[in-house]
Amino acid sequence: MTDTPFVQLQGISKHWGASLGVDNLDLSVPRGAFVVLLGPSGCGKSTTLRLIAGLEEADSGRILIDGRDATYASPAERSLSMVFQSYALFPHLSVAENIVFGLKVRKIARDDRDARLKRALALTGLEGYEDRKPGELSGGQRQRVALARAVVADHPLCLMDEPLSNLDAKLRHSVRQEIRALQRRLAMTVIYVTHDQTEAMTMADMVVLMKNGRIEQSGSPAALYKRPATSFAANFVGSPPMSLLPGTAVAAVTGHFPDPEAVTIGLRAESVRLAGTHDAIVHGSVRQSEFLGAETFVVLEMPGEGTLTARLAGEVDLSPGSSVGLAWDWADVHLFDRESGNRLPGLSDPAAWNKSAPSGEVASTAPGSCAAEQE
Ligand SMILES: Nc1ncnc2c1ncn2[C@@H]1O[C@H](COP(=O)(O)OP(=O)(O)OP(=O)(O)O)[C@@H](O)[C@H]1O
């Protein structure tokens, strides 16, 4: 992967009447990167991909591919391949014929075609299946045929729209690894659409999280996880999602927040620990506990204030309804503006918040104005 942009979207918008597809999108995809467009249904992921493919035309803005203006280029002129959820295989053609179909259309010479087919079959583990029809293959094998078709095309850019959604969970896991290995081996630039955050987090060099036709946040999976730019990103990325509590839930107990009504507090499950009566920051009652082998996820109900999930090592036996105390390090707390959802500076030292307040009173400074953001 290099920093040179291979695909660039500049101010791209697409509407159908009152229906918004994407809104003034700027995106830069580095050459050789695996970029995942992530977001809830209807946020504009497929529209973005179809615009890059040339299957939709933008209302405004520019699309550059490999430095060339491709805004009005036909799909064939864009030198890219596509892999869809539906595989799009011809049922009456064999695996081999399906794979080389596009090469025949492009009038690639037979020797070259055969050599590329051999390589694609080997890379996707389909040797021995050449003569089967798609109907005689499993879902995973059909998806590999679709991948092989992208491989033979030898295009530097591959667009994938939810390619794994027809596969069961176990197969999804292995095909995910195969796709990533193949992409690295071929040094292809891949733009991949999914609404599954696990897929995005495990596969991507760069995640582009979308909401309502716009980019909410983009960056490495670790960046999105560690420093979500908004409460939406905090809640969408990570499993379990970050717990979000109104500032009042914690302020009522600690008195730490100058304006608790105005903030949302975010805590990752691994930041929350069980605590005794003396060092507990809050108390909750156990709603459910899920034992997963190496760890137990405990969901605690905060009276009238939502839920908080704690990830505890090993097997922790807590019966529903029991009351437990919880604590965390203040440096691990994420703060968001309650109204806009935007990230606020962190809270490494809660005492700093009340530094200027007379004892027993709450400071009137805006959230975070006294505390330096922790990296
Ligand atoms: N041809 C169309 N005509 C009208 N509206 C459309 C058209 N295509 C997409 N849209 C609208 O654009 C918005 C974005 O759709 P898009 O398919 O890009 O979302 P998505 O994020 O890929 O969703 P999903 O995960 O459900 O596929 C949606 O509100 C959708 O209804």
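Basis of the calculations
Residues numbered from 1 in each chain as written. Predicted model: local features only at pLDDT ≥ 70, side-chain atom pairs only at ≥ 80, totals over all residues. Heavy atoms only, no water. Pairing = 2+ DSSP bridges. Helix = DSSP H or I, 4+ residues; strand = E, 2+ residues; numbered from the N terminus. pLDDT = per-residue confidence, 0-100. Contact = heavy atoms within 4.5 Å. Domains from an automatic or database assignment. Buried area = accessible area lost by both parts, 1.4 Å probe. Salt bridge = Lys/Arg side-chain N within 4 Å of Asp/Glu carboxyl O. Axes fitted to C-alpha atoms, helices over the stretch in contact; angles between N-to-C directions. Parallel < 35°, antiparallel > 145°, perpendicular 65-115°, else oblique. Left-handed = near helix turned anticlockwise from the far one by under 90°. Nonpolar A, V, L, I, M, F, W, Y, C, P; charged D, E, K, R; others polar. Phe/Tyr/Trp six-rings, centres within 6.5 Å; stacked < 30°, edge-to-face > 60°. Buried < 20%, exposed > 50% of the residue type's maximum accessible area, 1.4 Å probe, protein only. Near = heavy atom within 4 Å. Polar contact = N/O pair within 3.5 Å; in protein donor to acceptor, adjacent residues only side chain to side chain. Areas by Shrake-Rupley, 256 points an atom, 1.4 Å probe, with all protein chains shown as cover.

**Overview of the pairing of strand S10 (residues 214–219)**
Bridge count between strand S9 (residues 206–211) and S10: five bridges; the pairing is antiparallel. In the sheet register, Lys 211 faces S10, and the bridge partner there is Arg 214. Hairpin connection between S9 and S10: a loop of two residues separates the two successive antiparallel strands, and Asn 212 in this loop has a positive phi of roughly 50 degrees.

**Section: the confidence of the model for the chain**
Averaged over every residue, the pLDDT of the chain is 86; residues scoring 70 or more account for 89%. Residue range residues 354–375 is modelled with pLDDT below 50. Its contacts to residues more than four positions away, or to other chains, number 37 contacts.

**Considering the domain arrangement of the chain**
Domain boundaries assigned for the chain yield domain 1 (7–230) and domain 2 (235–355). When domain 1 packs against domain 2, close to 1,100 Å² is buried across both sides, 61% of that on carbon and sulfur atoms. On the surface where domain 1 and domain 2 come into contact, there are zero salt bridges. Among the elements of the structure, helix H6 (197–203) and helix H7 (221–226) are those that each provide at least two residues to the side of domain 1 that touches domain 2. Counting residues per element, the side of domain 1 that touches domain 2 draws most heavily on H7, which supplies three residues.

**Topic: the packing of helix H3 (residues 110–123) against helix H4 (residues 139–153)**
A packed helix pair is summarised by two numbers, namely the angle formed by the two axes and the spacing between the axes. Where H3 contacts H4, the two axes come as close as 9 Å, and the packing angle between them is 135 degrees. Looking at the two axes, H3 sits oblique to H4. Classified by chirality, the crossing of H4 by H3 is right-handed. Judged by residue contacts, Arg 116, Leu 117, Ala 120 and Leu 123 of H3 engage Ala 148, Val 151, Val 152 and Ala 153 from H4. Here the residues of the contact of H3 with H4 are counted per class, giving seven nonpolar, no polar and one charged.

**Description of the pairing of strand S2 (residues 19–30)**
Note on strand geometry: in a regular strand, side chains alternate between the two faces of the sheet. The pairing of strand S1 (residues 5–16) with S2 spans eight bridges and is antiparallel. Opposite Val 7, over in S2, you have Val 29 as the bridge partner. Linking S1 to S2, which pair antiparallel, is a turn of two residues; within it Gly 17 sits at a positive phi near 60 degrees.

**Describing the packing of aromatic side chains**
This structure, assessed with the given rule, holds four aromatic pairs. Centroid distance Phe 90 to Phe 101: 4.6 Å. Interplanar angle 55 degrees. Geometry classified as tilted. Here Phe 90 is found in the loop between strand S6 (80–84) and helix H2 (95–105), whereas its partner Phe 101 is found in helix H2, with eleven residues between them in sequence. Taking the relative accessible area as the measure of exposure, Phe 90 reaches 29% and is therefore partly exposed.

**Some details on the site of the ligand**
Ser 41, Gly 42, Lys 45, Ser 46 and Thr 47 are the nearest of the 13 residues found near the ligand. Between an oxygen atom of the ligand and a main-chain N or O atom of Leu 20, the distance comes to 3.2 Å. For the ligand, an oxygen atom lies 2.6 Å from a polar atom in the side chain of Ser 41. Burial of the ligand by the protein amounts to 60% of the accessible area it has alone, namely 630 Å². Among the secondary structure elements, those contributing two or more residues to the shell around the ligand are S2 and helix H1 (45–53). A class-by-class count of the residues in the shell around the ligand yields four nonpolar, seven polar and two charged.

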